[in-house]
Structures are given as structure tokens and as C-alpha cells.
There are 2 protein chains.
Amino acid sequence: MRTAATSEHCNSRFGIERRDAGLSFPPARPSAAQALPSKCAGCGPRQIAICAAVPEQELARLSAAGISVPIEPGRRFMEEGEAAENFFIVTNGTAKLLKMLPDGRQQITSFVGDGDFLGLALSTQYSYSVEAITQVRLCRFSRPRMRQLFADFPLMEKRLLASACHELVLAQEQMLLLGRKSARERLASFLVHWAGKSEPTSLPGGSRKQILVKLPMSRSDIGDYLGMQIETVSRTLKVLKVAGVIATAPGWGVMIQDLARLQALSGNV
Amino acid sequence: MRTAATSEHCNSRFGIERRDAGLSFPPARPSAAQALPSKCAGCGPRQIAICAAVPEQELARLSAAGISVPIEPGRRFMEEGEAAENFFIVTNGTAKLLKMLPDGRQQITSFVGDGDFLGLALSTQYSYSVEAITQVRLCRFSRPRMRQLFADFPLMEKRLLASACHELVLAQEQMLLLGRKSARERLASFLVHWAGKSEPTSLPGGSRKQILVKLPMSRSDIGDYLGMQIETVSRTLKVLKVAGVIATAPGWGVMIQDLARLQALSGNV
DNA sequence: CGCACACTTGAACCCCCTCAACCCAAGTGG
DNA sequence: CCACTTGGGTTGAGGGGGTTCAAGTGTGCG
């Protein structure tokens, strides 16, 4: 519980010294925008996204910078190699980040959901594609707008660093999984991870604490995420099922019967 | 270059030319220790590390914050799970980042060299270990010192974000490799990547442009990096050798005979 | 109903792992 | 000087986990 230098709670105010190509601070007629409640005010994921760095009384400026966009399931709204013109923040739904090989093989590097930031690119092009799995709603920011936001609210960029840092840790974890774990361990790790995002629903019978995991993605997506074929996913799920560790839940979900055993099977002890 | 957004053209390992002509820094009382030449002044990797955000006349403060430390080959100077008390910047040598499974299996998530930053942790603990491969020299910064540096030189933190961003891209590339590529493709990709770090040595015979790649790490390290066994590394190298794509070089190096074919074999076309 | 689509199941194969021996260069010590 | 050890790398034989190909089973939707 120590003060993290790089990430959380950075109090230091400092003037961002970037030449912002003519963009200057006071763009706002604050009174007018302030009157009506900004759309950001009612945004649930705002609290966990990097937007939390914007104080309540400044939400109007945040709202003015971003445009809310709906995306249909299956639609790609970011393409590897395309010009990186926008940043996105997911406000609703689930999407997948993926990289492709020329021959069509693909690897999903992560699933993103509420509050996740998209569009970090070190060059002028995106290095991966993003495709909506469920119905997705997101906030789009042009690069200049986002730059302006960072200039106005330096804390935002600090939160972004913390977020990138978090993703790096997850990526390293995934590399360990892909490089060194067996199919059963991969699937177990995957389920344990998603179990952590679901609240445990105590069984009415009361015998054991079960966890219902909603899996929005297809078997094919799971395979592309875990580096295995769809058939192997199916077979391995069955193995876990006959072992009594999990059970199929209605509507593309999985009911975890024995989290402890699942964790043991994940290889992480 | 082009209009710079948050992390444009920022590359932690290679030159970042975000020079800030006409930028003013916060208060910064003029250092008294300006007289003697600071050790940072003669530091080669400084230009490519996040230290490049510190202007020349302020190098004394940078020098005061960091402590230069030598590390013997094979020595671990960061351990997964340990309290994250320090940040490091590699000024010389090569080290490996690794994550371990309880049963001993391990995955190397990346190799780091001159100018690379280490120690980003989102919690109070390191999420991976770092072990020196060659003789390594690095600069150690305590968290409070680093925090102070970030407060004094905000550009440093921006460069850090760019660096983390770059590592994320590399991590995604590696996930694609680990999840979807065959052994031969992995090794080819690995060699192509390291060939990019070596300057091509034109063959005296003049027949073809060859590239001598110095590989400081062992076969075991290569295996742990590419997610394959050491025997498979050895066998696959031989396959490439008899195919005439590479040749063994004296002193643990590899001579790339046909970069084009190697790239074709890497699966990236 | 019938088509489409996702998932499951089955059987054969093969790439890579596992285990084991071997090679070779560098110490080390008598 | 040679015997011995040690550690990294190579080579060989065999087996298995996961892929590949193919067919079968739902299930939603026109």
C-alpha cells in the first residue's frame, strides 16, 4: 500500500510543455455546456476508465471531446496497419484485439470491456485490429482532441500509463500461458480469470459455492486466444465437465463447480 | 516528422527525436553541482533511454538520482513477487525477463539491452524476474527518487509511456508467435528480429549481403523465449543450416546467409 | 421445413516433447 | 600430462498431445 510513483494518485501538477500545434487552453464557453448534464456524467465505466482523472465539474469538456459510437457485433472498428487516427474507450460490451498472419492464422491478444482504452500506437499505424463481439458502445476521440485532453488533464495520461502497465503484466502472463502451458492448463487459467470477473452465485442447494461465468465469445475466439484449435477447446471443456470441475450453463455460459480444483489445473497452484 | 500525438514515433530502443526546442521546464533551481561533469554526460544509452527527456544542463540532477550498479552474468537482480522498491535502466549488457510456473517451467518474455527501462509494476510487487545474461551495468533509482524525477521532468514520464507502448506491441507480436507459429517460424522470426539489431557485414566475397548476429543468450534461453524445448531449438537451427539460410559463426553467433528466405520462413511474409 | 451456423465427436496423423546418449571445450587437480 | 568433472550443445529413438480432416449433432431462423 505504498505510493506508486508511476501510476496511481499523482498529485503533481505540472504544465505540459508540448507545442500543441496551435491548440490553446481556453476553448470553452463553459456556461452553456455546463447547463445541461453532460453525457459523461451518467457513464458507468467512467469511474474506472482514464476519464476518472477528469474532475466532475469539468465533465462538459470531456463530453465535448468524445463522440459516442455504437458498433454491431462482428464489426471491426480498428484495423491493423490502418492510420491511427482515433482513440477509443469502451463504454459497453466486449471486443477482441487480434493480430493476423498473412496466411489467415490469427491470435487474439486480449478481450476488452467496459472502461478499456484502445488505440495506443507507437507509430502512425495501429498494430492490431479490434472487432466487436457483442453489441459495443464506445467513445471515440480524435488524436488532436485526445492530445488536448492530456494537456488539460495530465492525470489522464498518468492513468493511461498505469493502464498500459497493467496490460503489460497481463500480456506477460499470457505469454507464459502460450509458451509453457498445456491445453488443459490454458483453459483452466482462462476460466479462472473470467471467474474473477463474475460474482459468485451461491447455489440454492447450498452445497458449494458455484460461479456462473458468462462467456460472450465463441469457441473459435477462445481457441484463437489460447493458441489452440476449436476442436481442442471443445474436447478439453468436455474433460473438465466429466471431471465435475465445470458444468455447462444455459446460454453460452459455464458454471464453475470447483474453483479450487480449476485453479490447481491451471498450473498456477 | 509528422504531427506528434501522445506517442508518435517513440521507440524506447532506438532514437527518439522528440527534441523540445523552446520548451520550458518547471521552476528547477539551477543546480550547484554543475561544475563537475556528471556521470550521465558520458552515458551512451542516455540518448535512447527515457533519460533523454532531461536537458543537458540538468544532467547533474539525473546523476544524483541514480546509482550505477554492476551485475554479474547469471545474477538475478529482480525477483517476481518481491517488493518493487527500485526502477532500473540498463546502461550496458543484456538481461532476460522471465516468469515462472510453480513446477519450474519458465517463459522469457523479453530480452532487454541498452537504454531499456525496468521495474514498472502496477502493484507493490514485481510481476516478473530479471536475470543478467552478460555482464550488465544498470542505473538504479529508488521509487521516491524516480517520482521526484518525473515531477521535475514530466517529459520523462511521457517517454516512459511511449516505451511501455512499444513493449506492448512487442508483447502482442510475441503472443502471435507463441500461439500460432510453428517451431521453424518461431526461430526464423527470432533471427530476423535480432538481425535487425545487427549491422549487415557485407561479405568480402561480395556474392551476397550477409548479416552476423551476435546471440548473447544460450539455447536454453532461446527455447524459453520461443516456447520450445532446447532440443527443438538445436534441431531447427540445423534444418535452417542445411537449407543454407544460416551458418554457424564463430563465438556463439549466427551468420544469416539469406535474409529474404528467412523472412519468408518466419510466416510474416 | 430446411438451411445455416456453431459446436461436438471420431479417427488418423504428425510435429514436437521426452528421455537418453553422446560430443566437445573448459576447468581442475593429482 | 592425463583422468575426471562440468556444462552447454547435438543427435537419436520413441511416444503423446494436439492438429487435421471428416462426419455428426444440435439450434436458431427464414
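Refer to the preceding data block for the structure.
All values derive from a computational prediction rather than experimental measurement. (Residues numbered from 1 in each chain as written. Chains lettered and ligands numbered in written order. Predicted model: local features only at pLDDT ≥ 70, side-chain atom pairs only at ≥ 80, totals over all residues. Heavy atoms only, no water.)

## Examining helix α3 (residues 154-180) of chain B
The end-to-end C-alpha distance of α3 of chain B, which contains 27 residues, comes to 39 Å, matching closely the 39 Å that a straight helix rising 1.5 Å per residue would cover. Of all the 27 residues making up α3 of chain B, 25 are buried; the element is thus mostly covered by neighbouring parts of the structure. (Helix = DSSP H or I, 4+ residues; strand = E, 2+ residues; numbered from the N terminus. Expected span 1.5 Å × (residues − 1). Buried < 20%, exposed > 50% of the residue type's maximum accessible area, 1.4 Å probe, protein only.)

## Re the protein's contact with DNA strand D
Lining the immediate environment of DNA strand D, one finds 16 residues, of which Ala183 and Thr232 of chain A together with Ser234, Arg235 and Lys238 of chain B sit closest. In the model, a phosphate oxygen of DNA strand D is placed 3.1 Å from a nitrogen or oxygen of the Arg219 of chain B main chain. Lys238 of chain B is positioned such that a nitrogen or oxygen atom in its side chain is 2.7 Å from a phosphate oxygen of DNA strand D. At the level of elements, α7 (230-242) of chain A together with α5 (219-226) and α6 (230-242) of chain B are the ones that each hand at least two residues to the surface near DNA strand D. With 4 residues, α6 of chain B is the largest single contributor of residues to the surface near DNA strand D. (Near = heavy atom within 4 Å. Polar contact = N/O pair within 3.5 Å; in protein donor to acceptor, adjacent residues only side chain to side chain.)

## Some thoughts on the sheet that holds strand β1 (residues 67-71) of chain A
All names here are of chain A. In spatial order, the strands read β1-β8-β3-β6; together these 4 strands make up an open sheet with antiparallel pairing. For this open sheet the edge positions go to β1 and β6 (117-118), each flanked by a neighbour on one side alone. Sheet strands in contact with helix α3 (residues 143-152) are β3 (86-92), β6 and β8 (136-142), and its direction is about 80° off that of β8. (Pairing = 2+ DSSP bridges. Contact = heavy atoms within 4.5 Å. Axes fitted to C-alpha atoms, helices over the stretch in contact; angles between N-to-C directions.)

## Some thoughts on the sheet that holds strand β4 (residues 95-100) of chain A
All names here are of chain A. The sheet built from 4 strands is open, its strands ordered β2-β7-β4-β5 with antiparallel pairing. If you trace the sheet from one side to the other, it starts and ends with β2 (76-78) and β5 (106-112), each paired once. Each neighbouring strand pair of the sheet contributes to a mean axis angle of 35°, computed without reference to strand direction. Judged from the 4 bridges that link them, β4 and strand β7 (residues 129-132) form a sheet pairing that is antiparallel. In the sheet register, Ala95 faces β7, and the bridge partner there is Ala132.

## A look at the nonpolar core
Nonpolar side chains in soluble globular proteins tend to be buried together. Core analysis: the largest hydrophobic core is formed by 62 residues, its most contacted members being Phe190 and Leu191 of chain A together with Phe190 of chain B. Setting aside residues no more than four positions away along its own chain, Leu191 of chain A makes contact with Leu215, Leu237, Leu240, Ile246, Val254, Ile256 and Leu262 of chain A. In terms of nonpolar packing, the next biggest core, distinct from the first, is built from 53 residues, Cys51 and Ala164 of chain A together with Ile50 and Leu160 of chain B among them. (Core = buried A, V, L, I, M, F, W, Y, C linked by side-chain atoms within 4.5 Å.)

## What to know about the packing of aromatic side chains
Applying the stated rule across the entire model yields 12 aromatic pairs over all chains. Ring plane angle 75° and centroid distance 5.5 Å describe the contact between Phe77 of chain A and Phe88 of chain A, whose orientation is recorded as edge-to-face. Here the residue Phe77 of chain A occupies a position in strand β2, and Phe88 of chain A occupies one in strand β3, the gap between them amounting to 11 residues. Residue Phe77 of chain A is classed as buried on the basis of its relative accessible area, which comes to 13%. By relative accessible area, which is 6% here, Phe88 of chain A ends up buried. Between Phe111 of chain B and Trp194 of chain B, the aromatic rings sit 6.0 Å apart at their centres with planes inclined by 75°, giving edge-to-face as the arrangement. Of the two residues, Phe111 of chain B is situated in strand β5 (residues 106-112) and Trp194 of chain B in helix α4 (residues 183-195); the sequence distance between them amounts to 83 residues. Here Phe111 of chain B falls in the buried class, since its relative accessible area comes to 6%. (Phe/Tyr/Trp six-rings, centres within 6.5 Å; stacked < 30°, edge-to-face > 60°.)

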